[in-house]
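One letter stands for each residue in the lines below.
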Amino acid sequence: MTALGALFYLLAAVLLGAAILTATRRNPVHAVCCAVVVFLAVGGLFAVLGAPLPGVLMVVVYAGAIMVLFLFIIMLLGLPAGDGPLPAGRLLVPGILGAATLLALFVLIGADPAAQTLLPAAQASPAAVGTLLFDTYWLAVEAVSILLFAALAAALLLGRGRPGPGQPATGGRGA
Amino acid sequence: MDMWLGVLVMLVKMAVVLGVALGLAAYMILLERKLLGRFQVRYGPNRVGLFGLLQPLADGLKMLLKEDIIPDGVDRRIFLVAPAVVAGTALAAFAVVPFGEGLTFFGHTVPQVIVDSNVGLLMVLALSSLAVYGLALGAWTSDNKYSLLGGIRGAAQMISYELALGLSLVPVVMHARSLSLSDIVAAQSGLPFALMEPVAFATFIIASLAETKRIPFDLPEAENELQAGFHTEYSGMRFALFFVGEYVNMVLLGAVTAIFFLGGWHGPFFPPIVWLAVKVLAVPVFLIWTRASLPRLRYDQLMALGWKVLVPLALLNILVTGALLVLNA
Amino acid sequence: MADKKPSLVGEIVEGATGLIGSYAATLTHLFRKPVTEQYPEYKRPMPERTRGRIILTRSPDGKERCVACYLCSGACPVNCISMQSEEGPDGRRQAAWFRINFARCIYCGLCEEACPTLALQLTAEFAFCKDDIADFVYEKEQLLVDHGGRHPDYDFYAHAGVAAGGPKGSHIGEDDPVDVKSILP
């Protein structure tokens, strides 16, 4: 086994362990911490497979932004934190569903002969990815960004609530 | 054989970079205290050793010998790990920072960087975004309302300004046509990007000031409102680790600014390493000067500055830069 | 503040001048001589009436001024002065032992005001530290000095406590007797 191979299996083991912990923790902050480890390990796996760009994006977007927001919300809500794992009964149905999905995934990947090779797009340089995104598929990217913007505006509008009697319709000060 | 040599070279490089970063950070504390003193018409520490040069050593020793208090009601594991996250992410970011062009030893060319990745810029951003965890987790686990407030402020502030930070670097990438830090420096052999992109430079400096949580953006630790914010409950070496993180971050910010905007090691007359050192040190000196000069922002001012000024300005700058690049092509 | 909201340009100019002004102010400070006094090397001359460590002074002839009258002990609000009086070989009253607990002393100076012979005086010495709190209890030997302190020429027994030998008006500091007939209306 090469050094990179050993690193791959090590990262994979860390990933699996952290993922299981994420799914079973009762304390939301512990779950978030484990999820961050999962995303870091996924980033590392991408890097080991020779695709640093998706790896770094995984860390920047998921570990660095989305999970921080999760943590932020958990801290803001101040939920009473439990400890230890969830009871096995509550894990049964999600566990079966997850196992079924995993099985289906493996069967599908195994059935495809192209699964043995790495996706060339994943290993592409940042410049190539950029060209692909903003040249070939620019319409789709713009459509998605407009969709996200619409969702953002809608959320803002909903979050403002209805103006009460004698209260101006403007929202509170905030960002 | 060659592989082991490579491993050895890598280890030596890591040791050198780690030593330089930590040593610089330790003396950054002394520099800050000295300079702040002079800005306030006093001397600053000058007792330990000649001109107080051994002060960092004395501080470190003091911190090491202090009791490591773990308060009741904290989440022990997270409490213990949080300071290391702050210091670790700051140190790890030095892995992609180049210190010069390749050196040649016995016919082998050794690049003066640990990892010359083609996504180096993104790695710097990724590690700076991970530093939030140390702050937020340390604050949450301290089981102290002031810490929690500091942590929430810190998380919101760092998420907000990360956006402006990333956007302000886009024009740099557009000019350099690469995310590799070595390529970015190579692209500035003529004019540094600070002169080509003054708006991006200004946004970057302000956003990175906020990212390092220094005055005027030190709301997470605002001493006179939140005692010490997220590190209220920390003591001894764990408390010091937060500070090691902050000062390593200052040095990192200097290095990154030098590479992204000030032309890295390029400069007339003097050898490259001198230019790099001058540029790396100029940024922390500016930060200290800022600390001596400006008062802390109010929280709504901070958010308004980030979202209503810096982000639109950075986006506009990207648009203008792109248009100019297309017109020039 | 004007009633009208300032324009955007005005706001930017105002903000920029504020920023530049504060940066410039700190920059000028950088080139000024620090105002710090380097304490152990340079000791600032203390004001004349600084209330620091207490001493027992002597008259110009070298004898102890203290007559062990207990007035300082009585005046002391924290009861840190104690003594035992006795008669010396020359017939003068003196303290058999005299003790001040500086760990308890609040340096209020009431003892100095109470002292009729100007024996007890407060000096400007304020920095005396000990490892052991018991060392702060000063005995008479440690309190006695061989000078007159703030009043080097004063001698209590020359003023009082002695029989007036000469005619009226010949004593130290005594005015000539007033001829009552000269002040008649």
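Definitions and cut-offs
Residues numbered from 1 in each chain as written. Chains lettered and ligands numbered in written order. Predicted model: local features only at pLDDT ≥ 70, side-chain atom pairs only at ≥ 80, totals over all residues. Heavy atoms only, no water. Helix = DSSP H or I, 4+ residues; strand = E, 2+ residues; numbered from the N terminus. Buried < 20%, exposed > 50% of the residue type's maximum accessible area, 1.4 Å probe, protein only. Contact = heavy atoms within 4.5 Å. Areas by Shrake-Rupley, 256 points an atom, 1.4 Å probe, with all protein chains shown as cover. pLDDT = per-residue confidence, 0-100. Domains from an automatic or database assignment. Pairing = 2+ DSSP bridges. Salt bridge = Lys/Arg side-chain N within 4 Å of Asp/Glu carboxyl O. Polar contact = N/O pair within 3.5 Å; in protein donor to acceptor, adjacent residues only side chain to side chain. Nonpolar A, V, L, I, M, F, W, Y, C, P; charged D, E, K, R; others polar. Phe/Tyr/Trp six-rings, centres within 6.5 Å; stacked < 30°, edge-to-face > 60°. Lys NZ or Arg CZ within 6 Å of the ring centre and 35° of its normal. Buried area = accessible area lost by both parts, 1.4 Å probe. Disulfide = S-S within 2.5 Å. Core = buried A, V, L, I, M, F, W, Y, C linked by side-chain atoms within 4.5 Å. Axes fitted to C-alpha atoms, helices over the stretch in contact; angles between N-to-C directions. Parallel < 35°, antiparallel > 145°, perpendicular 65-115°, else oblique. Left-handed = near helix turned anticlockwise from the far one by under 90°.

Engineer: Tell me about the overall build of chain A, residues and numbers included.
Structural biologist: Across its full length, chain A carries 6 helices and 0 strands. From first element to last, N terminus to C terminus, chain A shows the α and β order α-α-α-α-α-α. Looking at the 175 residues of chain A, the share that counts as buried comes to 23%. Within chain A, contacts between residues separated by at least 24 positions form 62% of all contacts whose residues are at least 6 apart in sequence. For chain A, the exposed surface amounts to about 11900 Å²; the carbon and sulfur share of it is 76%.

Engineer: Tell me what's going on with the environment of G306 of chain B, and back it up with residues and numbers.
Structural biologist: Residues and elements named next belong to chain B. By secondary structure assignment, the location of G306 is in helix α12 (residues 299-328). With 145 residues separating them along the chain, G306 and Y161 place their C-alpha atoms 6.0 Å apart. Among all residues touching G306, those that are not within four sequence positions of it are Y161 and V311.

Engineer: Tell me what's going on with the confidence of the model for chain C, and back it up with residues and numbers.
Structural biologist: With 95% of its residues at a pLDDT of 70 or more, chain C shows a mean pLDDT of 85. What the predictor reports for the complex is a pTM of 0.77 with an ipTM of 0.81.

Engineer: Let's hear about the domain arrangement of chain A: which residues, and what values?
Structural biologist: Entries for chain A in the domain assignment read domain 1 (1-82) and domain 2 (124-159). With centres defined by C-alpha atoms, the gap from domain 1 of chain A to domain 2 of chain A works out at 25 Å.

Engineer: Tell me about the sheet that holds strand β5 (residues 137-138) of chain C, and please be specific about residues and values.
Structural biologist: Residues and elements named next belong to chain C. With antiparallel pairing, 3 strands are arranged side by side in an open sheet as β2-β3-β5. Strands with a single pairing partner mark the edges of an open sheet, and in this sheet they are β2 (81-87) and β5. For β2 and strand β3 (residues 93-101), the ladder comprises 7 bridges, and the chain directions are antiparallel. Within the sheet, the bridge partner assigned to M83 lies in β3 and is F98.

Engineer: Describe the interface of chain B and chain C, naming the residues involved and giving the relevant values.
Structural biologist: Buried accessible area, meaning the area lost when the parts come together, often serves as the stated size of an interface. Every contact between the two is made by 14 residues of chain B and, on the other side, 16 residues of chain C. Seen at the junction of chain B and chain C, the total is 1 salt bridge. For E41 of chain C, the salt bridge goes to R47 of chain B, with nearest N and O atoms at 3.0 Å. Across the contact surface, chain B and chain C share 11 residue pairs in polar contact (both at pLDDT 80 or more). Looking at the side of chain B that touches chain C, the elements with two or more residues in it are α1 (2-39) and α11 (272-293) of chain B. Counted by class, the side of chain B that touches chain C contains 8 nonpolar, 3 polar and 3 charged residues.

Engineer: Can you lay out the packing of aromatic side chains for me, pointing to particular residues and giving the numbers?
Structural biologist: Scanning the model with the defined rule gives 20 aromatic pairs over all chains in all. The interplanar angle of 5° and the centroid separation of 4.2 Å between the aromatic rings of F79 of chain B and Y234 of chain B together place this pair among those described as stacked. Here F79 of chain B is found in helix α3 (residues 76-92), whereas its partner Y234 of chain B is found in the loop between α9 (223-226) and α10 (236-260), with 155 residues between them in sequence. For the pair shown, F79 of chain B and Y234 of chain B are each scored as buried. On the numbers, 6.5 Å between centres and 35° between planes, the contact of Y39 of chain C with F126 of chain C is tilted. Of this pair, Y39 of chain C sits in the loop between α1 (8-30) and β1 (54-56) while F126 of chain C sits in the loop between β4 (120-122) and β5; the two residues are 87 residues apart in sequence, bridging distant segments of the chain. Taken together, the ring pairs connect F102, Y107, F128, F136 and Y138 of chain C into an aromatic cluster. The ring of Y39 of chain C has K43 of chain C sitting right over it, with the charged end atom 5.7 Å from the ring centre. Sitting over the ring of W97 of chain C, R99 of chain C keeps its end group 4.6 Å from the ring centre.

Engineer: So what's going on with the interface of chain A and chain B? Residues and values would help.
Structural biologist: Listed by partner, the interface residues are 25 residues for chain A and 27 residues for chain B. Buried area between chain A and chain B, summed over both chains or domains, comes out near 2200 Å², and the portion from carbon and sulfur atoms is 81%. If you look at where chain A meets chain B, you find 0 salt bridges. Applying the counting criterion to the chain A and chain B interface returns 2 residue pairs in polar contact (both at pLDDT 80 or more). Those elements giving two or more residues to the side of chain A that touches chain B turn out to be α2 (28-48) and α3 (52-77) of chain A. The leading source of residues in the side of chain A that touches chain B is α3 of chain A, at 15 residues. Of the residues that constitute the side of chain A that touches chain B, the class distribution is 20 nonpolar, 4 polar and 1 charged.

Engineer: Give a detailed account of the side chain of R153 of chain B, specifying residues and quantitative values.
Structural biologist: Along the chain, R153 of chain B turns up in helix α5 (residues 145-176). Leaving out residues up to four positions away in the same chain, R153 of chain B has contacts with L219, P220, A222, E225, L226 and Y299 of chain B.

Engineer: Talk me through the confidence of the model for chain A; I want residue IDs and the actual numbers.
Structural biologist: Residue and element names in this part refer to chain A. Averaged over all residues, the pLDDT of chain A is 80; the fraction at 70 or higher stands at 84%. Ranking the elements of chain A by mean pLDDT puts helix α5 (residues 126-136) last, at 81, and helix α6 (residues 138-160) first, at 90. Here residues 169-175 is modelled with pLDDT under 50, and outside its nearest four sequence neighbours on either side it reaches 7 contacts, counting other chains as well.

Engineer: How would you sum up the state of the cysteines? Please name residues and give values.
Structural biologist: Counted according to the given criterion, the structure contains 0 disulfides over all chains. Between C129 of chain C, a free cysteine, and C105 of chain C, which holds the nearest cysteine sulfur, the sulfur-to-sulfur gap is 15 Å.

Engineer: Explain the nonpolar core residue by residue, including any values.
Structural biologist: Formed by 114 residues in total, the largest nonpolar core has its most connected members in F94, L121, F260 and F261 of chain B. The element best represented in this core is helix α4 (residues 120-141) of chain B, accounting for 15 residues. In this structure, F261 of chain B is in contact with S168, L169, V172, Q188, P192, F193, A194, E197, A200, F201 and F204 of chain B, ignoring residues within four places of it in sequence. By size, the runner-up hydrophobic cluster in this structure holds 24 residues, among which are I54, C76, A95 and Y138 of chain C.

Engineer: Residue-level account of the pattern of salt bridges, with values.
Structural biologist: Residues and elements named next belong to chain B. Taken as a whole and judged by the stated rule, the model has 14 salt bridges over all chains. The partner of R33 in a salt bridge is D59, and the shortest N-O contact between them spans 3.2 Å. Note that R33 is positioned in helix α1 and D59 in helix α2 (residues 55-65), a separation of 26 residues in sequence. Judged by its relative accessible area of 23%, D59 falls in the partly exposed class. Notably, a salt bridge pairs R238 with D68, separated by 2.9 Å at the nearest N-O pair. With R238 in helix α10 and D68 in the loop between α2 and α3, this pair connects stretches of sequence that are 170 residues apart.

Engineer: Let's hear about the packing of α5 of chain B against α12 of chain B: which residues, and what values?
Structural biologist: Residue and element names in this part refer to chain B. In the contact formed by α5 and α12, the axes pass within 9 Å of each other and the chain directions differ by 15°. Classified by the angle between their axes, α5 and α12 sit roughly parallel to one another. Judged by the sense of rotation from one axis to the other, the crossing of α5 with α12 is left-handed. Class assignment for the residues of the contact of α5 with α12 results in 19 nonpolar, 8 polar and 1 charged.

Engineer: Please provide a residue-by-residue account of unusual backbone geometry, values included.
Structural biologist: Positive phi, normally seen in glycine, also occurs at F51 of chain B, with a value near 55°. On the accessibility criterion, F51 of chain B (59% relative accessible area) is exposed. A positive phi angle, close to 70°, is found at Y70 of chain C, a residue other than glycine. Checked against the element boundaries, Y70 of chain C lands in the loop between β1 and α2 (71-75). The partly exposed category is assigned to Y70 of chain C, whose relative accessible area is 33%.

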